[in-house]
Amino acid sequence: MAEAEESPGDPGTASPRPLMRDLKAVGKKFMHVLYPRKSNTLLRDWDLWGPLILCVTLALMLQRDSADSEKDGGPQFAEVFVIVWFGAVTITLNSKLLGGNISFFQSLCVLGYCILPLTVAMLICRLVLLAGPGPINFMVRLFVVIVMFAWSIVASTAFLADSQPPNRRALAVYPVFLFYFVISWMILTFTPQ
């Protein structure tokens, strides 16, 4: 009797194809954020894997190194996680209330993926902090955070601006500015103990 072969994509197999497909999709969306241009790809094929990865990475990098977490005064993992997701949900609701034609999860996807420049800024700031504190160190970190903050704003507005009525775009972009400003401020004020 001939045995039936399962194709690599069948649910009964442990195939890496669905995982690789998802990783490639996340990578393509990262490229859309790194090179922002008007495109509906990020809106059309939304997912929350990339935002989850970025949020967890950012929260882990903002985590203090000290064992006594009550005395360090820094944001804890859950605080960063809640700020990112609550901020994204608030901006999404604001967009919908202003008459935007973007779905809830599309907006969460765009806002989450556009945290990529700020996550890169946090990585660079962590490396710069290895040199020790000082005014030059702070100026380098300030420059990196400002550039990446602007990059996040430009990338997110490139995707979200067309989904808003023309007379309400400023009202939709202002909360996005505040959202990325709070995250940038957490990155800039981070000092490991």
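Parameters at a glance
Residues numbered from 1 in each chain as written. Predicted model: local features only at pLDDT ≥ 70, side-chain atom pairs only at ≥ 80, totals over all residues. Heavy atoms only, no water. Helix = DSSP H or I, 4+ residues; strand = E, 2+ residues; numbered from the N terminus. Buried < 20%, exposed > 50% of the residue type's maximum accessible area, 1.4 Å probe, protein only. Contact = heavy atoms within 4.5 Å. Areas by Shrake-Rupley, 256 points an atom, 1.4 Å probe, with all protein chains shown as cover. Expected span 1.5 Å × (residues − 1). Arc of directions from axis to C-beta. Core = buried A, V, L, I, M, F, W, Y, C linked by side-chain atoms within 4.5 Å. Phe/Tyr/Trp six-rings, centres within 6.5 Å; stacked < 30°, edge-to-face > 60°. UniProt positions renumbered as here; feature names shortened; annotations may be inferred. Disulfide = S-S within 2.5 Å. Axes fitted to C-alpha atoms, helices over the stretch in contact; angles between N-to-C directions. Parallel < 35°, antiparallel > 145°, perpendicular 65-115°, else oblique. Left-handed = near helix turned anticlockwise from the far one by under 90°. Nonpolar A, V, L, I, M, F, W, Y, C, P; charged D, E, K, R; others polar.

S.K.: Any details on the overall build of the protein? Residues and values, ideally.
M.R.: Check the secondary structure of the protein and you find eight helices and zero strands. What you see in the protein, going N to C, is helices and strands ordered as α-α-α-α-α-α-α-α. Burial analysis of the protein (193 residues in total) assigns 40% to the buried set. Restricting the contact set of the protein to residue pairs at least 6 apart, pairs at least 24 apart contribute 75%. Summed over all atoms, the accessible surface of the protein reaches about 11100 Å², with 69% contributed by carbon and sulfur.

S.K.: Run through helix H3 (residues 49-62), naming residues and quoting values.
M.R.: For H3, with 14 residues, the first-to-last C-alpha span of 20 Å sits near the 20 Å given by 1.5 Å per residue. When we look at burial in H3, the residues that qualify are Gly 50, Pro 51, Leu 54, Cys 55, Leu 58, Ala 59, Met 61 and Leu 62. Angularly, the buried residues of H3 cover 165° about the axis, an arc narrow enough to put them on a single face. When the buried face of H3 is taken as reference, the exposed residues oriented beyond 90 degrees from it are Trp 49 and Leu 60. If you follow the buried residues of H3, they end up packed against helix H1 (17-34), helix H4 (77-97), helix H5 (104-113), helix H6 (116-129) and helix H8 (169-188).

S.K.: Before we move on, could you go through the nonpolar core and cite the residues and values that matter?
M.R.: Judged by nonpolar contacts, the single largest core of 44 residues is most densely connected at Phe 179, Tyr 180, Ile 183 and Ile 187. Taken together, the elements giving at least two residues each to this core come down to H1, H3, H4, H5, H6, helix H7 (135-160) and H8. Sequence-distant contacts of Ile 187, that is, excluding residues within four places in its chain, are made with Leu 58, Leu 62, Leu 118, Ala 121, Met 122, Cys 125 and Val 145.

S.K.: Would you mind going over the packing of aromatic side chains in detail, with residue names and values included?
M.R.: Centre distance and the angle of the planes are the two values used to describe a pair of aromatic rings. Per the stated rule, a full pass over the model turns up eight aromatic pairs. Taking 5.4 Å as the distance between ring centres and 85° as the angle between the ring planes, the aromatic pair formed by Phe 104 and Phe 105 counts as edge-to-face. For Phe 105, a relative accessible area of 36% translates into the label partly exposed. Judged by centre distance (6.3 Å) and plane angle (25°), the rings of Phe 181 and Trp 185 are stacked. Of this pair, Phe 181 and Trp 185 both sit in helix H8, four residues apart, which is roughly one turn of that helix.

S.K.: Quick rundown of the UniProt feature "transmembrane region" (unreviewed entry) in the protein? Include the residues and the values.
M.R.: The positions that UniProt labels "transmembrane region" (unreviewed entry) are, in the present scheme, residues 46-64, 76-98, 110-132, 138-160 and 172-191. Helix makes up 100% of residues 138-160 and strand 0%, whereas the separation of the span's terminal C-alpha atoms amounts to 32 Å. Between the end C-alpha atoms of residues 172-191 there is a gap of 32 Å, over a span that is 85% helix and 0% strand.

S.K.: Residues and numbers for the state of the cysteines, please.
M.R.: Within this structure, the stated rule accounts for zero disulfides. Cys 114 forms no disulfide, and the closest cysteine sulfur to it belongs to Cys 109, at a distance of 8.7 Å.

S.K.: Please provide a residue-by-residue account of the environment of Phe 149, values included.
M.R.: The residue Phe 149 is located in helix H7 in this model. Distance in space between the C-alpha atoms of Phe 149 and Phe 177 is 8.8 Å, their sequence separation being 28 residues. When neighbours within four sequence positions are excluded, Phe 149 is seen to be in contact with Leu 118, Phe 177, Tyr 180, Phe 181 and Ser 184.

S.K.: Before we move on, can you summarise the packing of H3 against H5 with the specific residues and values?
M.R.: Where H3 meets H5, the closest approach of the two axes is 8 Å, and the angle between their N-to-C directions is 40°. If you check the angle between H3 and H5, you find them oblique. Helix-helix and strand crossings are classified by hand; for H3 and H5 the assignment is left-handed. Residues Gly 50, Pro 51 and Leu 54 of H3 form the contact with H5, whose participating residues are Leu 108, Cys 109, Gly 112 and Tyr 113. Class assignment for the residues of the contact of H3 with H5 results in five nonpolar, two polar and no charged.

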